[in-house]
Amino acid sequence: MKHNYHAIALDKIDISEADRLYTFYTLEKGLIRVPARSVRRGKAKLAMQVEDFVLSHITIAQNYGRGTLAGAVAEDYFVSLHENLEALECVDNVRTIFLSIMDENECDEHVFVLFIAYLEGMNKLAQKQNFKKYNTDLKWFTHAFLIKLFCLQGYDFHTHKCSICRGKINEIKNGFSVSSGGILCATCSCDEYFCYIDPDTLKALRVIKSNNLKALSKVIIHEDVHKQLQNIVYNIEKWVMR
Ligand SMILES: [Zn+2]
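The shown structure was predicted, so the numbers you read here are calculated from the model rather than taken from an experiment.

### A closer look at the overall build of the chain
Across its full length, the chain holds 8 helices and 8 strands. With respect to the three principal axes, the spread of C-alpha positions in the chain is 65 × 40 × 25 Å. Taking all 242 residues of the chain together, 50% fall into the buried category. Counting every atom, the chain has about 12,500 Å² of accessible surface; 52% of that belongs to carbon and sulfur. On the chain, the mean spot of the 30 positive side-chain charges and the mean spot of the 29 negative ones are 2 Å from each other.

### Details of the coordination of the zinc ion
Only Cys162 (SG), Cys165 (SG), Cys185 (SG) and Cys188 (SG) from the protein coordinate the zinc ion, and they sit 2.3 Å from it. In primary-sequence terms, the residues that donate to the zinc ion follow C-x2-C-x19-C-x2-C. Taken together, the residues span a long stretch of sequence, with Cys162 in the loop between α5 (136-152) and β6 (174-177) and Cys188 in the loop between β7 (182-184) and β8 (195-197) at a distance of 26 residues. Among the residues examined, Cys162 registers a relative accessible area of 0% and is labelled buried. With relative accessibility at 13%, the residue Cys188 sits in the buried group.

### A look at the sheet that holds β6
Backbone hydrogen bonds hold the strands of a sheet together, and the pairing may be parallel or antiparallel. If you walk across this open sheet you meet the 3 strands as β7-β6-β8, and the pairing is antiparallel. The open sheet has two edge strands with one neighbour each: β7 and β8. Each strand axis lies, on average, 40 degrees off the axis of its neighbour in the sheet, ignoring direction. Here β6 runs beside β7; their pairing, made up of 3 bridges, is antiparallel. Bridging across to β7, Gly175 finds its partner in Leu184. Helix α6 (residues 199-210) rests against β6, β7 and β8 of the sheet, and its axis sits at about 85 degrees to β8. Across the face of the sheet, helix α8 (residues 223-240) comes into contact with β6 and β8 while running at roughly 140 degrees to β8.

### Concerning the domain arrangement of the chain
Domains assigned within the chain are domain 1 (2-76) and domain 2 (81-240). Once you take the C-alpha centre of each, domain 1 and domain 2 turn out to be 30 Å apart. Every contact between the two is made by 20 residues of domain 1 and, on the other side, 20 residues of domain 2. Both faces considered, domain 1 and domain 2 share a buried interface measuring about 1,800 Å² in area, 68% of it formed by carbon and sulfur atoms. Among the residues of domain 1 in contact with domain 2, Tyr25, Leu31 and Phe53 are the three that bury the most area, contributing 41% of the side total. The tally of links from domain 1 across to domain 2 stands at 4 salt bridges. Residues Asp52 and Arg95 are paired through a salt bridge, measuring 2.8 Å at the closest nitrogen-oxygen approach. Run the count over domain 1 and domain 2 and you get 7 residue pairs in polar contact (both at pLDDT 80 or more). Elements supplying a minimum of two residues to the side of domain 1 that touches domain 2: β1 (2-14), β2 (20-26) and β3 (30-36).

### Brief notes about helix α4 (residues 109-128)
Residues separated by three or four positions in an α-helix point in the same direction, a consequence of the helix having 3.6 residues per turn. The end-to-end C-alpha distance of α4, which contains 20 residues, comes to 29 Å, matching closely the 28 Å that a straight helix rising 1.5 Å per residue would cover. Of the residues that open α4, the one with a side-chain oxygen 2.9 Å from the backbone nitrogen of His110 is Asp108.

### Comments concerning the sheet that holds β3
With respect to topology, 5 strands assemble into an open sheet ordered β3-β2-β1-β4-β5, the strand pairing being antiparallel. Each having just a single partner strand, β3 and β5 (68-76) make up the two edges of the open sheet. Shown here is a sheet whose adjacent strand axes are inclined to one another by a mean of 45 degrees, direction ignored. Relative to β3, β2 runs antiparallel, the two being bridged by 7 bridges. Residue pairing across strands places Arg20 opposite Ala36, the latter belonging to β3.

### Some thoughts on the pattern of salt bridges
Scanning all chains against the criterion turns up 14 salt bridges. The salt bridge involving Arg66 is made with Glu104; its shortest N-O contact spans 2.9 Å. With Arg66 in the loop between β4 (55-61) and β5 and Glu104 in the loop between α3 (85-101) and α4, this residue pair connects regions lying 38 residues apart in the sequence. By relative accessible area, which is 43% here, Arg66 ends up partly exposed.

Procedures and definitions
The residue numbers shown here count from 1 along each chain, following its written sequence. Whole-chain, interface and lining totals are the exception, using all residues; otherwise, since this is a predicted model, local features are given only for residues with pLDDT of at least 70 and side-chain atom pairs are given and counted only at 80 or more. To get the side-chain values, take all heavy atoms of the structure and skip hydrogens and water. Note on conventions: DSSP H or I runs of at least 4 residues are helices, E runs of at least 2 residues are strands, and numbering of each starts at the N terminus. Relative accessibility under 20% of the residue-type maximum defines a buried residue, over 50% an exposed one, and the middle range a partly exposed one, all with a 1.4 Å probe and only protein chains included. A 1.4 Å probe and the Shrake-Rupley method give the accessible areas. Residues count as covered only by the protein chains that appear here. By the counting rule applied here, Lys and Arg register as positive and Asp and Glu as negative, while His and the ends of each chain are not counted. Charge positions come from single atoms, namely NZ of Lys, CZ of Arg, CG of Asp or CD of Glu. Distances decide who is a donor: an N, O or S atom must be within 2.8 Å of the metal, or within 3.2 Å for Na, K and Ca. Water is not included, so sites may look incomplete. A pair of strands is treated as paired once DSSP finds two or more bridges between them. Fitting a line to C-alpha atoms yields each axis, with helices limited to the stretch in contact; the angle taken between N-to-C directions then spans 0 to 180 degrees. Every residue pair with non-hydrogen atoms within 4.5 Å of one another is taken to be in contact. Domain start and stop positions are those given by an automatic or database domain assignment. Put simply, buried area is how much 1.4 Å-probe accessible surface two parts lose in total, over both of them, once they are put together. Salt bridges are identified by distance alone: a Lys or Arg side-chain nitrogen within 4 Å of an Asp or Glu carboxyl oxygen. The definition of a polar contact used here is a pair of N or O atoms within 3.5 Å, where within protein one atom must be able to donate a hydrogen and the other to accept one, and adjacent residues in sequence count solely through side-chain atom pairs. The span expected for a helix works out to 1.5 Å for each residue beyond the first.

Shown next, in the form of C-alpha cells:
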C-alpha cells in the first residue's frame, strides 16, 4: 500500500552504505521518520527532492513498521534560502528547536501552514539581501516564527495583562518571565528569572501576535528590540525544551 504526504524535509542520517533515514514534518501525520533504500547510490534522483528544508510530495510504501520512501517530487526548493548562509543558520536553529519539541505522528495543520509561511518568507528575505551584509530582518522573522510556534504548542501569553496581578500593562519598561507565564507589569517585575522589555519590544510582541507571519516580513525593528526579543525567545526555548 502506498500513501502520499505533503512534507517538509527536515533531517537525514545515513543508516547503511546506501540507505538513509529521513525526518519529515507532514501535513497529514505530523513528524515522521522513514528510511529510503539505495538513496545514496550514484545518481539517485530521489535525494535531490528531499534535501533539508525542501517542500515535497512524498510517497511512502507501507509494508511494515515505518515503511519506505518510494518517491518524492519537490514542490519548492527555496533556492535563495539555501544560498544564504545566515538564513540557513536561522533555519538550522529552528530545526533543532522544532525537532526537540515535536512528537512523532502528531499532526497540526496550523503548524504545517506556519512552517511553510516561514520558509517562503525566509526565501524572499534571503533573495532580497543576498547583496547586503546586515541580517536583522532574517532574525526578526525567525523570532516571530518561533513565538508563533510556541503559542501553537501551548506556550501562549497575554500582551495586555500582567501574568501575575492581571493588571493592565502600560507603555513603560515592563518585564517578561517565562516561569510566571509571560509579561509582567513594572510592579510585578521582581521574579529572579525575568528580563526587561521596553515599550517598543512590547509593541513588537503585540504585532507578532496580531498579524499573520507573512505580514511580519515587512516589519522593521531596531537593534534594542531585536536583542530583547532574542532574549525572550531564548528563555521560552529553554523552558519548552527542558
Ligand atoms: Zn503585575
